[in-house]
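Descriptive structure summary
Residues per chain, in single letters:
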Amino acid sequence: MHIFANPARFLSIARPLTSWFGWIGAVMIVVALGAGLFITPPDYLQGESVRIMYVHVPAAWLGMAGWSGIAVSSLMQLIWRHPLASVAARAIAVPGALFAAICLVTGSLWGRPTWGTYWEWDGRLTSMLVLFFLYLAYIALSSAGAERGSNDRISAIFGVVGAFNIPIIHYSVEWWRTLHQGQSIGLGGSKIDPSLLWPLLVSTLGFSLLFGAIVLMRMRALLAQAKVEARLKRMTAE
């Protein structure tokens, strides 16, 4: 990964990838949501409410994947001191928090007709709410470190430690009695009907590409901001 340590080299790759990821992701999302909302049949148990999963499932996946990215970036910052690691972690935090929030909101909307309530202190829901609060805490810590102008180790350590919640979210439906349904897609196959599955997979990939585009845009913005601040410091020192 050190081949991307040079910001100029990274930016030369990030600029075209941002456009490709963004446009391809947007097209895939439109196709998947169009099919999921207007073409696919309702579920035989959940009825029309099953259509929420075309946003809920990608949001849940990206909420967890985002923190996994923060944890990996934080490890690279702590162990290898990769110069772009903290930038990547900060860039991931805001969209990660956004998708975690979308997951919670859409899950509540799905829960009302399914469980009869918008919220239940269920293992999966509670651990996802904890993840959202972890995102908010990380954003505050990393922003404070950036204002001090230091290579903040505290937020990096927090990024690694916070990863303990990811397996809790994933296995919560197996470890505890829960209202949330179990895993529907795994290495052994899928329990979802193919007519409902393909828009879900396309939607997940589309949102993932859009997430990647947002992260790259934020990394570019943070690097540009750092460059401007460094130039201003040189000007004031002269």
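Everything quoted here is computed from the prediction, not taken from an experiment. (Residues numbered from 1 in each chain as written. Predicted model: local features only at pLDDT ≥ 70, side-chain atom pairs only at ≥ 80, totals over all residues. Heavy atoms only, no water.)

What follows covers the overall build of the chain. Each helix and strand in the chain was counted, giving seven helices and two strands. Traced from its N-terminal end to its C-terminal end, the chain shows the element sequence α-α-α-α-α-α-β-β-α. Counting over 238 residues, the chain shows a buried share of 42%. Excluding contacts between residues fewer than 6 apart, the proportion of contacts in the chain whose partners are at least 24 apart in sequence is 76%. Just so you have it, the chain exposes about 13,200 Å², and 70% of that area is on carbon and sulfur atoms. (Helix = DSSP H or I, 4+ residues; strand = E, 2+ residues; numbered from the N terminus. Buried < 20%, exposed > 50% of the residue type's maximum accessible area, 1.4 Å probe, protein only. Contact = heavy atoms within 4.5 Å. Areas by Shrake-Rupley, 256 points an atom, 1.4 Å probe, with all protein chains shown as cover.)

It is at 11 Å that the axes of helix H2 (residues 53-80) and helix H4 (residues 123-148) come closest, and there the two elements cross at 45°. Our classification of the angle between H2 and H4 gives oblique. Considering how the two elements wind past one another, H2 and H4 form a crossing that is left-handed. Side by side, H2 and H4 meet where Ala-60, Leu-62, Gly-63, Met-64, Gly-66, Trp-67, Ile-70 and Ser-74 of the first sit next to Met-128, Leu-131, Leu-134, Tyr-135 and Tyr-138 of the second. Here the contact of H2 with H4 is built from residues that sort into ten nonpolar, three polar and no charged. (Axes fitted to C-alpha atoms, helices over the stretch in contact; angles between N-to-C directions. Parallel < 35°, antiparallel > 145°, perpendicular 65-115°, else oblique. Left-handed = near helix turned anticlockwise from the far one by under 90°. Nonpolar A, V, L, I, M, F, W, Y, C, P; charged D, E, K, R; others polar.)

Moving on: the nonpolar core. Phe-10, Trp-67, Ile-70, Met-128, Leu-131, Tyr-135 and Met-219 are the most contacted members of the largest nonpolar core, which has 38 residues in total. Elements with a contribution of two residues or more to this core: helix H1 (7-38), H2, helix H3 (85-115), H4, helix H6 (165-175) and helix H7 (194-237). For this core, the element with the highest residue contribution is H3, accounting for eleven residues. In contact with Ile-70, other than residues within four places in its own chain, are Ala-89, Ile-92, Ala-93, Tyr-135, Tyr-138 and Gly-159. (Core = buried A, V, L, I, M, F, W, Y, C linked by side-chain atoms within 4.5 Å.)

For the rest of this paragraph, the subject is the layout of surface pockets. Empty space within the second largest pocket amounts to approximately 650 Å³. Considering the residues around the second largest pocket, the lining is formed by 26 residues, among which Ser-73, Ala-88, Ile-92, Val-215 and Met-219 are closest to the centre. If you list the elements that add at least two residues to the lining of the second largest pocket, you get H1, H2, H3 and H7. The element that contributes the greatest number of residues to the lining of the second largest pocket is H2, accounting for eight residues. (1 Å grid on protein atoms, 1.4 Å probe; cavity = no way out; pocket = protein on both sides within 12 Å on 5 of 7 lines; lining within 4 Å. Points joined across faces, edges and corners; volume = space filled by probe spheres on them.)

What follows deals with unusual backbone geometry. As a rule of thumb, non-glycine residues mostly have phi less than zero, and peptide bonds are mostly trans rather than cis. A positive phi is found at Arg-81, a non-glycine position, where the angle reads about 55°. Relative to the assigned elements, Arg-81 resides in the loop between H2 and H3.

On to the packing of aromatic side chains, then. In the structure shown here, the tally under the stated rule is seven aromatic pairs. Residues Phe-99 and Phe-211 carry aromatic rings whose centres are separated by 5.7 Å and whose planes lie at 55° to one another, so their mutual orientation is tilted. Of the two residues, Phe-99 is situated in helix H3 and Phe-211 in helix H7; the sequence distance between them amounts to 112 residues. Here Phe-99 matches Phe-211 in class, with each residue buried. Through successive ring pairs, a cluster of aromatic residues spans Trp-67, Tyr-135, Tyr-138 and Phe-158. Directly above the aromatic system of Tyr-118 lies the positively charged group of Arg-112, at a separation of 5.7 Å from the ring centroid. (Phe/Tyr/Trp six-rings, centres within 6.5 Å; stacked < 30°, edge-to-face > 60°. Lys NZ or Arg CZ within 6 Å of the ring centre and 35° of its normal.)

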